Amino acid sequence: MLLDALTLQLGYNAVLVTLGATALGVAAGTVGAFLYLRKRALVSDAISHATLPGLALAFLVAVALGGDGRALPLLMAGSALSAWAGLWCVGKLTRATRLSEDAAIGAVLSVFFGFGIVLLTVIQSLSAGRQAGLESFLLGATAGMLRADALVIAVGGALVLLAALALRRPFLMTAFDEGYARVQGIDTARLDLVLMTLVMAVTVVGLKIVGLILIVALLIIPAVAARFWSNHAPRVVLLSGLAGGLSGYLGAALSATAPDLPTGPIIVLIAFGLFALSLLAAPGRGVLAAALRHRRLQHRVHLRQGLLALAHGQPVYEALTRRMLRGAGLMRADGVPTDKGRAEAARVLLDESRWQALRRAEGLASLAARDDGLTRIDTILTPDQLADLDARMSLQEVR
Amino acid sequence: MGSEFVALSLPPLLIGTLAAMACALPGNFLLLRRQALIGDAISHVVLPGIVVAFLVTGTIATLPMLAGAACAALLAVAMIEAIRRLGRIEAGAAMGVTFTTLFAAGVLLLERSDTSSVHLDVEHALYGNLESLIWLDATGWASLTDPAALAALPPELIRIAAVFAVVAIAIAAFWRPLKLATFDEGFAQSLGLPTAAIGLGIVTLAALAAVAAFDAVGSIIVIAMFICPPAGARLMTNRLERQIAWSLLFAALSAIAGYVIAGYGPIWAGFSASVSAAGMIATISGLILAWAALAAPHRRA
């Protein structure tokens, strides 16, 4: 069943939804990456909630003019307008008052959403009994998706993707160094507005599939997940687009396999699964990698301190150190060093006294800053310098 | 008029007002600590909390619902912190990951489980049902002194009043440390104040207010009241005491005006039905904030 869904063999509607969700995911992931790198991820929350009043107003206007209020392009246009108004309010509140951006975001999202709910109840009382079905845009509803809807979503997603990729250089430049971008002649305020317009477009395109409450997830989660895998910005953008597309594709396919698996929430949960995987397993920034790194460092420190103790003829009591020394065959069970242990301890002691000598050595003392208690000195100094250092040490001993 | 008002309008008005003020109080501190969106995150995760509580207990009794919602709120705060620390991710993005995921999980659980027998759905969670909280036993103003009638007050009213009292007393009792930790965390730390515990305490108060208010009025009001009245009050004054007084005034004003306009506005305008009171209260609070942003004395500094 799942295999059928993944290979697009589960009926016409499921194919439409799957393709639409994939296109949406790629577009949202890509735009979301730029948004995340610009450190304004939560603005999308305000934008998406602010679509609701426009959605309802568009429906009311269409019905008043005698048309069908549920035509997707019309609803998308209305929601884009009100999202834009919400965005304008966030900007105005942040610039004209001393409120911080997060307060402005929270105010706009709750007030616009509240007003949208008022309009929804107006629609309910007008159509008295006849369901307008606008509530489905809160959480998305893919059951009755038409071919034209899927086309609008796919084309919209593709356009957003193209625009984002065409502007990737100025976007990244602004995200990393706003001042530099300005010196390069980029109007950063206008560029931010373009980025927000793309976010708005993704929200509007995603209304039908994931709904306006959960679209934020597709804009934020893939980008955060992708950031774990690379420090190279264009690669983060690419990975984020892939993660978004994968979430959309898997989520839509999975939700097609059973009647009570709503598409939007499934897509979000798959995206979160990708995020959790990245948080745990990504090399470099992942939690497991960090834990391994920490463990390796801990072992090196213990081994070195243990060997130094052996070199000074002191007993070793610490359990982990004893285990490590014995495991490496450097110490016997009764705490007496083996021959190999003695040789290794002598080497560590020499290293330690060379570092101490380095601190007193004229001309070389600045190199002593590289001493972190673990680095071997012969990886820092050239053989000549080492010989010079050893000569100074023996000179001091003679004195 | 009197009996109808006391039975049908007074309880929702009081509940709305108390809920708005209970959220606005901790909202002041969240705003000043630049954690305004924590309120947003908390009110989103209340949904999975009550769904899980329903699945575990099988009823929609109040206590398990409140406990479930409170657990979900604390889980969300813990998850945000864990993602932020473990992944070294900025707070906003960590919040976005957390609350959308938990909300999606709540919606999925709700769809997968049989809730047709009980009143539990996403719409209810979002905009509550303020209009239905009526006081059936009231016959007029005299009922306010009649113990038998008072015993039949909507339980939501008692609950939200108690929570408002708890939040107000907690803030009054810890006033100085709260104020210090909010304005100068470093100085508070050097005085030996447990700033981390104070931060957690504020979030817990906010969660308590959110959960109790959510029960009565839905999550839109919760988010709006956490942010709009304190934000408007912030533009009125530079003194914390006055800011809190203004925020309570704005919250009460939004709740009363919102409820009245939602209930009677359409009738005055010639329509028969009323509109969502929760949505209208949020709208009014936004209008008050807009006025403050344009005309308040301290809108810039």
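Residues numbered from 1 in each chain as written. Chains lettered and ligands numbered in written order. Predicted model: local features only at pLDDT ≥ 70, side-chain atom pairs only at ≥ 80, totals over all residues. Heavy atoms only, no water.

Got a sec to walk through the overall build of chain A? Specific residues and values, please.
Secondary structure summary: chain A contains 18 helices and zero strands in total. In terms of overall size, chain A is more extended than a compact globule, its C-alpha atoms giving a radius of gyration of 31 Å where 399 residues would be expected to give roughly 21 Å. Of all 399 residues assigned to chain A, the portion counted as buried reaches 52%. Of the contacts made within chain A by residues no fewer than 6 positions apart, 67% connect residues no fewer than 24 positions apart. Total accessible area computed for chain A in this model is approximately 18100 Å², and 63% of it derives from carbon and sulfur atoms. (Helix = DSSP H or I, 4+ residues; strand = E, 2+ residues; numbered from the N terminus. Rg over C-alpha atoms; globule rule 2.2 N^0.38 Å. Buried < 20%, exposed > 50% of the residue type's maximum accessible area, 1.4 Å probe, protein only. Contact = heavy atoms within 4.5 Å. Areas by Shrake-Rupley, 256 points an atom, 1.4 Å probe, with all protein chains shown as cover.)

Tell me about the overall build of chain B, residues and numbers included.
Helix and strand content of chain B: 13 helices and zero strands. Secondary structure elements of chain B, listed N to C terminal, follow the sequence α-α-α-α-α-α-α-α-α-α-α-α-α. What you see for chain B is a C-alpha radius of gyration of 20 Å, in line with the 19 Å of a compact globule of 301 residues. Across the 301 residues of chain B, 56% fall into the buried class. Taking contacts inside chain B between residues at least 6 apart in sequence as the whole, the part at least 24 apart equals 71%. When the accessible surface of chain B is split by element, carbon and sulfur atoms take 67% of a total near 12200 Å².

So, the pattern of salt bridges: which residues are in play, and what are the values?
The tally for this structure, following the rule as stated, stands at 17 salt bridges over all chains. Notably, a salt bridge pairs R354 of chain A with D390 of chain A, separated by 2.9 Å at the nearest N-O pair. Here R354 of chain A, found in helix α17 (residues 339-360), pairs with D390 of chain A, found in helix α18 (residues 383-398); they are 36 residues apart in sequence, far enough to count as distant. Here D390 of chain A falls in the partly exposed class, since its relative accessible area comes to 27%. Two residues, E241 of chain B and K179 of chain B, come together in a salt bridge whose shortest N-O distance is 3.0 Å. Here the residue E241 of chain B occupies a position in helix α12 (residues 240-268), and K179 of chain B occupies one in helix α8 (residues 175-183), the gap between them amounting to 62 residues. One salt-bridge network, held together by shared partners, links R38, R40, E101, E178, R182 and D192 of chain A. (Salt bridge = Lys/Arg side-chain N within 4 Å of Asp/Glu carboxyl O.)

Outline the packing of aromatic side chains, supporting the account with residue identities and numerical values.
The tally for this structure, following the rule as stated, stands at five aromatic pairs over all chains. Judged by centre distance (5.6 Å) and plane angle (40°), the ring pair of W246 of chain B and F250 of chain B falls under tilted. Taken together, the residues span about one helical turn, with W246 of chain B and F250 of chain B both in helix α12 at a distance of four residues. A connected cluster of aromatic rings, assembled from ring pairs, spans F228, F272 and F275 of chain A. (Phe/Tyr/Trp six-rings, centres within 6.5 Å; stacked < 30°, edge-to-face > 60°.)

Explain the domain arrangement of chain A to me, and be specific about the residues and the numbers.
When the parts come together, some accessible area is lost, and that loss is often what is quoted as the size of the interface. In terms of domain boundaries, chain A breaks down into domain 1 (2-283) and domain 2 (289-398). Computed from C-alpha coordinates alone, the two centres of domain 1 of chain A and domain 2 of chain A are separated by 57 Å. (Domains from an automatic or database assignment.)

Give me the lowdown on the state of the cysteines, citing residues and values where you can.
Think of a disulfide as a covalent bridge from one cysteine sulfur atom to another cysteine sulfur atom. Summed over the entire model, instances satisfying the criterion amount to zero disulfides over all chains. For the unlinked cysteine C89 of chain A, the closest cysteine sulfur is that of C228 of chain B, found at 11 Å. The exposure class assigned to C89 of chain A is partly exposed, which follows from its relative accessible area of 22%. Given a relative accessible area of 1%, C228 of chain B falls into the buried group. (Disulfide = S-S within 2.5 Å.)

So what's going on with the packing of helix α6 (residues 101-126) of chain A against helix α13 (residues 277-295) of chain B? Which residues, and what values?
Where α6 of chain A contacts α13 of chain B, the axes come no closer than 7 Å and their chain directions differ by 135°. In terms of orientation, α6 of chain A and α13 of chain B fall into the oblique class. In the crossing of α6 of chain A with α13 of chain B, the sense of the turn from one axis to the other is left-handed. Judged by residue contacts, A107, S110, V111, G114, F115, I117 and V118 of chain A of α6 of chain A engage G279, M280, A282, T283, S285, G286 and L289 of chain B from α13 of chain B. Of the residues that constitute the contact of α6 of chain A with α13 of chain B, the class distribution is eight nonpolar, six polar and no charged. (Axes fitted to C-alpha atoms, helices over the stretch in contact; angles between N-to-C directions. Parallel < 35°, antiparallel > 145°, perpendicular 65-115°, else oblique. Left-handed = near helix turned anticlockwise from the far one by under 90°. Nonpolar A, V, L, I, M, F, W, Y, C, P; charged D, E, K, R; others polar.)

Describe the interface of chain B and chain A, with residues and values.
If you look at the interface, chain B gives 59 residues, while chain A gives 53 residues. Summed over both sides, the interface of chain B with chain A buries roughly 4600 Å², with 74% coming from carbon and sulfur. Across the contact surface, chain B and chain A share zero salt bridges. Taken together, the connections running from chain B to chain A amount to seven residue pairs in polar contact (both at pLDDT 80 or more). Of all the secondary-structure elements, those providing two or more residues to the side of chain B that touches chain A are α2 (36-57), α3 (62-87), α4 (91-112), α5 (122-127), α11 (219-234) and α13 of chain B. Ranked by residues supplied to the side of chain B that touches chain A, first place goes to α4 of chain B with 15 residues. (Buried area = accessible area lost by both parts, 1.4 Å probe. Polar contact = N/O pair within 3.5 Å; in protein donor to acceptor, adjacent residues only side chain to side chain.)

Describe in detail helix α4 (residues 51-64) of chain A, supporting the description with residues and values.
All names here are of chain A. If you check α4, its first and last C-alpha atoms are 20 Å apart, about what 14 residues at 1.5 Å a residue would give, namely 20 Å. Every buried residue of α4 is listed here: T51, L52, P53, G54, L55, A56, A58, F59, L60 and A62. The elements touched by buried residues of α4 are α3 (43-49), α5 (72-96), α6, α7 (136-139), α11 (188-206) and α12 (211-227). Downstream of α4 by a residue or two, G66 has a phi angle that is positive, lying close to 90°. (Expected span 1.5 Å × (residues − 1).)

If you had to explain unusual backbone geometry to someone new, which residues and values would you point to?
The backbone of K39 of chain A shows a phi angle near 60°, a positive value even though the residue is not glycine. Residue placement: K39 of chain A occurs in the loop between α2 (12-37) and α3. Its identity as a non-glycine residue notwithstanding, R34 of chain B has a phi of 55°, on the positive side. By secondary structure assignment, the location of R34 of chain B is in the loop between α1 (2-32) and α2. Look at R34 of chain B and you get exposed, because its relative accessible area is 57%.

Can you tell me about a nonpolar patch on the surface, naming the residues and giving the values?
Where nonpolar side chains cluster on the molecular surface, the patch consists of L151, V155, L159 and L162 of chain A and spans about 400 Å² of accessible area. Its location among the elements puts V155 of chain A in helix α8 (residues 147-166). (Patch = residues over 30% accessible without salt bridge, like charges linked within 9 Å, V, L, I, M, F, W, Y side chains within 5 Å.)

Explain the nonpolar core to me, and be specific about the residues and the numbers.
Here is a general trend for soluble globular proteins: nonpolar side chains tend to be buried in one another's company. V31, F113, V224 and F275 of chain A together with I89 of chain B are the most contacted members of the largest nonpolar core, which has 212 residues in total. Setting aside residues no more than four positions away along its own chain, V224 of chain A makes contact with Y36 and F275 of chain A together with I89, A93 and V97 of chain B. (Core = buried A, V, L, I, M, F, W, Y, C linked by side-chain atoms within 4.5 Å.)

Explain the side chain of D45 of chain A to me, and be specific about the residues and the numbers.
Its place among the elements puts D45 of chain A in helix α3. Buried within the structure, D45 of chain A lacks any salt-bridge partner; R40 of chain A is the closest side chain of opposite charge, at an N-O distance of 13 Å. Setting aside its immediate chain neighbours within four residues, D45 of chain A contacts L109 and V216 of chain A together with D40 and F99 of chain B. (Lys, Arg positive; Asp, Glu negative; His and termini not counted.)

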